[in-house]
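Tertiary structure, described
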Amino acid sequence: MHILKYALKNTIRNPFLSFSSILVISLLVFFINILFFIEYVTSSITSNINDRMSISLNLKAGYDGDNAEVIECISALKQASTVVQIQYISREEAFEILKKRDPELSRVIEWDKDNPLPSSIVIKNIPLGEYPNIDAVVKRYTGIIQYDEERSKKSLTDYHAQYERIQGLINILLSVHYGIYSIIGFFIFAVFIIIYNSIGNFVFFYRDEIKIIRLVGGENFFIYGPFAIQGVLYTGLAYIIGTFVFSLLVKNINFSLITDFPVFIDKFFVLYGQVFFLEFCVILFVGLLSGFLSSRRFIGKENLS
């Protein structure tokens, strides 16, 4: 209890330094929360893309759903991922789909025997992490599908062309996620530096008092403890302020591009509740560690032992 009182006393005695430190850390916490929100939006967009994006394995001439290799390929794809949806579409079914989607184009084909559409295996709802598994299976059956046509025959329908486009999109989305967490890590390190320097300044301002505590037999726990607790007070207050401002801002904006945006926001706070709690714990730990290490270093530097 005495340590907490001394930490509060330090905080109040230099209000400008305390206020500026808390303000800067609050801004960092605010931007960390913004980055989590960007990640949530990106994940939602990715989920929507997965729902709409599919890969078509167009079979070569002479292969259909009764062929043993085609049946084996479909079975292998289902075993590669329990999440993806696999659907076989015959030439006739593909032609009927074409009639519904583009009647004008279907009239060009007068007879079913002239149907140029291939049979295909359609793969839907593929999570980002499952694409390599699906690709490994497809490579085993390149003999029955239009895998990678020669340049003169290459089109948007062969598998390799589809996979390259999707892989490019995946790399962009993954880069966004990695970039977000890299920036968050940098911000947390910045919190450490701010606390470290602030506590160092407090040690310099009150070095005479620390010497007196040493002379009267004060234990190390009582000397270093208040500064460590002071770091926790800074980060705790900053987290509350930064998160409050973030919540207030997010809940009072209306992003028209996302339908039911208020519901979208509520889901964000529910899904990221544990993330915010973990963020709070990490911020407090950084404040505690930074305050303790700074006090040890600067008290030793001032030859107060």
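See the structure printed just above.
Residues numbered from 1 in each chain as written. Predicted model: local features only at pLDDT ≥ 70, side-chain atom pairs only at ≥ 80, totals over all residues. Heavy atoms only, no water.

1. Section: the overall build of the protein
So the rule is basically this: Secondary structure follows DSSP: runs of H or I at least 4 residues long count as helices, runs of E at least 2 residues long count as strands, and numbering of each begins at the N terminus. Between buried and exposed lies partly exposed: a residue is buried under 20% and exposed over 50% of the maximum accessible area for its type, with that area taken using a 1.4 Å probe on protein chains only. We call two residues in contact when some of their heavy atoms are within 4.5 Å. All accessible-area figures derive from a Shrake-Rupley calculation using a 1.4 Å probe, and residue coverage is judged against the displayed protein chains alone.
In terms of helices and strands, the protein carries 11 helices and three strands. Listed by position from the N terminus, the elements making up the protein come as α-α-β-α-β-α-α-β-α-α-α-α-α-α. Classification of the 305 residues of the protein by burial places 41% in the buried group. Expressed as a percentage of contacts within the protein between residues at least 6 apart in sequence, the contacts between residues at least 24 apart total 81%. Element-wise, carbon and sulfur atoms account for 62% of the exposed surface of the protein, whose accessible area totals about 17800 Å².

2. Points about the nonpolar core
For the record, the criterion: The criterion is simple. A nonpolar core is a set of buried Ala, Val, Leu, Ile, Met, Phe, Trp, Tyr and Cys residues joined through side-chain atoms within 4.5 Å.
Ile-25, Phe-37, Val-191, Phe-246, Phe-264 and Phe-268 are the most contacted members of the largest nonpolar core, which totals 36 residues. For this core, the secondary-structure elements that each account for two or more residues are α2 (15-52), α7 (159-205), α9 (220-251), α10 (261-271) and α11 (273-301). Ranked by residues supplied to this core, first place goes to α2 with 12 residues. Sequence-distant contacts of Phe-37, that is, excluding residues within four places in its chain, are made with Phe-246, Val-250, Phe-261, Phe-264, Ile-265 and Phe-268. Listed in part, the 25 residues of the second largest apolar core include Met-53, Ile-86, Val-138 and Ile-170.

3. Some details on the pairing of strand β3 (residues 120-124)
We count it as follows: Two strands are said to pair when DSSP picks up at least two bridges between them.
For β3, a buried count of four out of five residues is recorded, marking the element as mostly surrounded by other parts of the structure. Sheet topology places strand β2 (residues 85-89) next to β3; five bridges connect them, and they run antiparallel. Each residue of the ladder has a partner; that of Ile-86, found in β3, is Ile-123.

4. Notes on the packing of helix α3 (residues 68-80) against helix α6 (residues 131-138)
Heads up, the rule is: As a rule, the C-alpha atoms of each element are fitted with a line to give its axis, helices using only the stretch in contact, and angles between N-to-C directions run from 0 to 180 degrees. Note on terminology: angles under 35 degrees are roughly parallel, angles over 145 are roughly antiparallel, angles of 65 to 115 are roughly perpendicular, and the others are oblique. Crossing handedness is read from the near helix: turned anticlockwise from the far helix by less than a right angle, it gives a left-handed crossing, and turned clockwise, a right-handed one. Polar here means any residue outside two lists: the nonpolar Ala, Val, Leu, Ile, Met, Phe, Trp, Tyr, Cys and Pro, and the charged Asp, Glu, Lys and Arg; Gly therefore counts as polar.
Contact geometry of α3 with α6 gives a least axis separation of 9 Å together with a crossing angle of 160 degrees. Classed by the angle they form, the pair α3 and α6 counts as roughly antiparallel. Once α3 is placed against α6, the crossing between them reads as right-handed. Contacts between α3 and α6 involve Ala-76, Leu-77 and Ala-80 from the first element and Asn-133, Ile-134, Val-137 and Val-138 from the second. A breakdown of the residues in the contact of α3 with α6 according to their chemical character gives six nonpolar, one polar and no charged.

5. Observations concerning α10
Spelled out, the test is: This arc is built from the directions going out from the helix axis to the C-beta atoms.
Those residues of α10 not exposed but buried are Phe-261, Phe-264, Ile-265 and Phe-268. Down the axis of α10, the sector holding all buried residues measures 100 degrees, keeping them to one side. Away from its buried face, by an angle of more than 90 degrees, α10 presents the exposed residues Pro-262 and Val-270.

6. Some thoughts on a nonpolar patch on the surface
Put simply, the rule is: Distance thresholds for patches are 9 Å for like charges and 5 Å for nonpolar side chains (Val, Leu, Ile, Met, Phe, Trp, Tyr), applied to residues having over 30% relative accessible area and no salt bridge. Salt bridges are defined by distance alone: a side-chain nitrogen of Lys or Arg within 4 Å of a carboxyl oxygen of Asp or Glu.
Together, Leu-237, Ile-241, Phe-244, Val-245 and Leu-248 line one region of the surface with nonpolar side chains, adding up to about 460 Å² of accessible area. With respect to the helices and strands, Phe-244 occurs in helix α9. We classify Phe-244 as exposed; its relative accessible area is 54%.

7. Notes on α6
Those residues of α6 that sit buried are Tyr-131, Ile-134, Asp-135, Val-137 and Val-138. Down the axis of α6, the smallest arc covering the buried residues is 160 degrees, so these residues share one side.

8. Focus: the environment of Ser-90
If you trace the backbone, Ser-90 turns up in the loop between β2 and α4 (91-101). Judged by relative accessible area, Ser-90 falls into the buried class, the value being 15%. The sequence separation of Ser-90 and Asp-64 amounts to 26 residues, and the corresponding C-alpha distance is 6.9 Å.

9. Considering the packing of aromatic side chains
The test is simple: Between 30 and 60 degrees the pair is tilted, below 30 it is stacked and above 60 it is edge-to-face, where a pair is any two Phe, Tyr or Trp rings, Trp via its six-membered ring, whose centres lie within 6.5 Å. When the NZ atom of lysine or the CZ atom of arginine is within 6 Å of a ring's centre and also within 35 degrees of its normal, the charge is said to sit over that ring.
Under the definition given, this model contains 19 aromatic pairs. Seen in terms of ring centroids, Phe-37 and Phe-268 are 5.2 Å apart; in terms of plane orientation they differ by 85 degrees. Their pairing is edge-to-face. In this pair, Phe-37 is assigned in helix α2 and Phe-268 in helix α10, connecting sequence segments 231 residues apart. By relative accessible area, Phe-37 is classed as buried at 12%. Ring geometry for Phe-268 versus Phe-276: centroids 5.7 Å apart, planes at 85 degrees, classification edge-to-face. On the basis of relative accessibility, which here comes to 0%, the residue Phe-268 falls in the buried class. Through successive ring pairs, a cluster of aromatic residues spans Phe-30, Phe-31, Phe-36, Phe-37, Tyr-40, Tyr-181, Phe-246, Phe-264, Phe-268, Phe-269, Tyr-272 and Phe-276. The ring of Phe-269 has Lys-251 lying over it, and the distance from NZ or CZ to the ring centre is 4.9 Å.

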